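# Descriptive structure summary
Each chain, written out:
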Amino acid sequence: MTEITQTSAYSLTDRLDAAAIASAAPSQAQLMKELRVKARPGWVSRLPSGLGAFVTNPKGMTGVIILLALILFSIFGPMLSDYNPNRRAGGPHVMPSQEHVLGTTRMGKDVFTQLAYGGRVSLSVGFGAGLSAALIGLAIGISAGYFGGRVDEILTFFVNVVLVLPGLPLIIVIATMVETASPWVIGVVLAATGWGWSARTIRTQTLSLRTREFVLSAELMGEKKWRIILVEIFPNMLSFFMSGLVLGTIAAILAEAALEFIGLGDPNAITWGTMLFWAQNNLALQSNAWWEIWPPCIAIMLTGAALVMVNFSVDEITNPQLRASRKIGLIRKFLSSRGRSADVF
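One structure accompanies this document, and this report is about it. Per chain, the residues get numbers from 1 upward, laid out in the order the sequence is written. Totals for whole chains, interfaces and linings use every residue, but because this is a predicted model, local features are given only for residues with pLDDT of at least 70 and side-chain atom pairs only at 80 or more, for both listing and counting. For the side-chain quantities, the full set of heavy atoms in the structure was used; hydrogens and water were omitted.

The subject of this paragraph is the overall build of the protein. Think of it this way: any DSSP run of H or I at least four residues long counts as a helix, any run of E at least two long counts as a strand, and we number them from the N terminus. Counting its secondary structure elements, the protein contains 15 helices and zero strands. Only protein chains enter the accessibility calculation, which uses a 1.4 Å probe; a residue whose area is less than 20% of its type maximum is buried, one above 50% is exposed, and one in between is partly exposed. Evaluated residue by residue, the protein yields a buried proportion of 38% over its 345 residues. Every residue pair with non-hydrogen atoms within 4.5 Å of one another is taken to be in contact. In the protein, once contacts between residues fewer than 6 apart in sequence are set aside, the share between residues at least 24 apart is 68%. Values of accessible area rely on a 1.4 Å probe in the Shrake-Rupley scheme; residue burial ignores everything except the protein chains shown. Split by element, the accessible area of the protein, about 20000 Å² in all, is 66% carbon and sulfur.

Moving on, we come to the nonpolar core. If you look at the biggest cluster of nonpolar residues, it comprises 25 residues, and the most contacted ones within it are Ile142, Ile233 and Met237. Contributing elements (two or more residues each) for this core: helix H3 (49-55), helix H5 (111-147), helix H9 (196-209), helix H10 (213-220), helix H11 (225-233), helix H12 (238-261) and helix H14 (294-318). Discounting residues that sit within four places of it in the chain, Ile233 has contacts with Ile142, Tyr146, Thr206, Leu209, Val215 and Ile228. Membership of the second largest hydrophobic core comes to 16 residues, among which are Trp272, Ala279, Ala284 and Ala299. Here the nonpolar core consists of buried residues drawn from Ala, Val, Leu, Ile, Met, Phe, Trp, Tyr and Cys, with membership extended through side-chain atoms lying within 4.5 Å.

Quick look at H9 now. Here H9 is 14 residues long and its end C-alpha atoms lie 20 Å apart, about the 20 Å a rise of 1.5 Å per residue gives. If you follow the buried residues of H9, they end up packed against H5, helix H6 (149-163), H10, H11 and H12. Take the number of residues in a helix, subtract one, and multiply by 1.5 Å to get its expected span.

A cavity here means a set of 1 Å grid points, computed over protein atoms only, where a 1.4 Å probe fits but cannot escape. A pocket is an open set with protein on both sides within 12 Å along at least 5 of 7 lines, and lining residues have an atom within 4 Å of a point. Grid points are joined across faces, edges and corners, and a volume is the space filled by probe spheres set on the points. Of the volumes computed, that of the largest pocket is approximately 890 Å³. Contributing to the lining of the largest pocket are 42 residues, with Trp197, Ser198, Ser243, Gly244 and Leu247 lying nearest its centre. Among the elements of the structure, H5, H6, helix H7 (167-177), helix H8 (183-193), H9, H12 and H14 are those that each provide at least two residues to the lining of the largest pocket. When residues in the lining of the largest pocket are grouped by element, the largest group, 10 residues, is from H12. Of the residues in the lining of the largest pocket, the class split is 23 nonpolar, 17 polar and two charged. Gly is put with the polar residues, along with every residue not named as nonpolar or charged; the nonpolar set is Ala, Val, Leu, Ile, Met, Phe, Trp, Tyr, Cys and Pro, and the charged set is Asp, Glu, Lys and Arg.

Before going further, it helps to examine the packing of helix H4 (residues 58-76) against H14. Axis definition: a line fitted to C-alpha atoms, over the contacting stretch in the case of helices. Angles run 0 to 180 degrees between N-to-C directions. Axis separation between H4 and H14 bottoms out at 7 Å; the angle between their running directions is 145 degrees. Crossing angle aside, the handedness with which H4 passes H14 is left-handed. Facing Lys59, Gly60, Thr62, Gly63, Val64, Ile66, Leu67 and Leu70 of H4, the residues of H14 in contact are Ala299, Leu302, Thr303, Ala306, Leu307, Met309, Val310, Phe312, Ser313 and Glu316. In terms of residue class, the contact of H4 with H14 is made up of 11 nonpolar, five polar and two charged. Should the near helix be turned anticlockwise from the far one by less than a right angle, the crossing is left-handed, and should it be turned clockwise, the crossing is right-handed.

What follows deals with the packing of H5 against H11. Look at H5 against H11: their axes get within 12 Å of each other, and the N-to-C directions meet at 115 degrees. Relative to H11, the element H5 lies roughly perpendicular. Crossing handedness for the pair H5 and H11: right-handed. Only Lys225, Ile228, Ile229 and Ile233 of H11 make contact with H5, whose side of the interface consists of Ile142, Tyr146 and Phe147. Considering only residue class, the contact of H5 with H11 consists of six nonpolar, no polar and one charged. Working definition: roughly parallel below 35 degrees, roughly antiparallel above 145 degrees, roughly perpendicular at 65 to 115 degrees, and oblique for all remaining angles.

By definition here, a salt bridge exists when the distance from a side-chain nitrogen of Lys or Arg to a carboxyl oxygen of Asp or Glu is within 4 Å. Scanning all chains against the criterion turns up three salt bridges. The shortest N-O distance in the salt bridge between Arg150 and Glu153 comes to 3.8 Å. Of the two residues, Arg150 and Glu153 both sit in helix H6, three residues apart, roughly one turn of that helix. The burial state of Arg150 is the same as that of Glu153; both residues are exposed. The shortest N-O distance in the salt bridge between Glu223 and Arg227 comes to 3.6 Å. Arg227 gets classed as partly exposed once you look at its relative accessible area, which sits at 32%.

Right, let's talk about H6 for a bit. In this model H6 runs 21 Å from its N-terminal to its C-terminal C-alpha over 15 residues, within 8% of the 21 Å that 1.5 Å per residue would give. All of the buried residues along H6 are Asp152, Leu155, Val159 and Val162. The buried residues of H6 occupy an angular sector of 90 degrees when projected down its axis, which confines them to one face. Relative to its buried face, H6 has exposed residues pointing more than 90 degrees away, namely Arg150, Glu153 and Phe157. Regarding the arc, it is the one traced by the directions from the helix axis to the C-beta atoms.

As a further point, take the packing of aromatic side chains. The aromatic pairing rule takes the rings of Phe, Tyr and Trp, using the six-membered ring of Trp, and pairs them if the centres are within 6.5 Å, calling planes under 30 degrees apart stacked, those over 60 edge-to-face and the rest tilted. This structure, assessed with the given rule, holds six aromatic pairs. Both a distance and an angle decide whether a charge sits over a ring: NZ of Lys or CZ of Arg must be within 6 Å of the ring centre and within 35 degrees of the ring normal. Positioned above the aromatic ring of Tyr117, the side-chain terminus of Arg120 is 5.3 Å from the ring centre.

We now examine the side chain of Thr274. Relative to the elements of secondary structure, Thr274 occurs in helix H13 (residues 272-281). The class of Thr274 is buried, set by a relative accessible area of 3%. Within the structure, the side chain of Thr274 is placed 2.9 Å from the backbone nitrogen of Thr271, a separation counted as a polar contact. With residues up to four places along the chain from it excluded, the contact list for Thr274 reads Glu260, Asp266, Pro267 and Ala269. In the analysis that follows, any N or O atom pair within 3.5 Å is treated as a polar contact, provided that within protein one partner can donate a hydrogen and the other can accept it, and provided that, for residues neighboring in sequence, both atoms belong to side chains.

Spelled out as structure tokens, the structure:
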């Protein structure tokens, strides 16, 4: 009888301890909040895993929204204006008003209209040069790293040549030879000289991937070379490709604006760089005509910031080590707040 009583008391104590632990344990909602884990909407689960992760990434979506806003403004902005970007639309240095939303230049040209038309050229040149350089670097880097041997030696030689070619001085030389370099000439030169670092990085990663089990298994199964490159190797290079694309686009937009700002571009072209060039020549700063300077500056800064945010989000999604390190940091903080040891990490 005594043994039965002791067993019942022990069981009651266990139940009380379990109830206390359960009451003190955080709920699932509290855990998700403290670990910064958000429940995905139902429609996101139907997307591919990578795209779903990007859609739920705040930085990535913020960058995409900014880029879409700039692109839509460049496409449809001129439709909202009745003025010609190359012709006089009002008095010199008219402040922003209902008639001229962003004011006018010293020559009386509408700044809003020039900003919209300039965005078409600047964004086209930037994205075109960045995409071209990223694709060239991707093709050469994967080919050199995967095939090796003589192919690697020849392609690496060209990569080293491109790395020592200075893009901006080359454009300056071309501009002096042809009097004025159009934005498209600047874009072609930047694309032809901007893929070296991307190709070298991708080649290094491909060298390490071609000896992995999944690549060797595909080769033993008799898969074709092009399919191994596209299906097995390329998905692992997505972060490097996006990084090259983003950095190349930013570099192209800034280089084009800088060259046109110092007068080496075509002054008759309507771009964000030529807007700054004419603002400097027309003494906009000395005249306190801030509305002639700030719009193209803000457009360039927003484009660069949006591309950097997209690059950060892609890196977080495609880099498991970076994603795991951030999650471990949150788990450490969560355990420390409850007096638990986090030495396991």
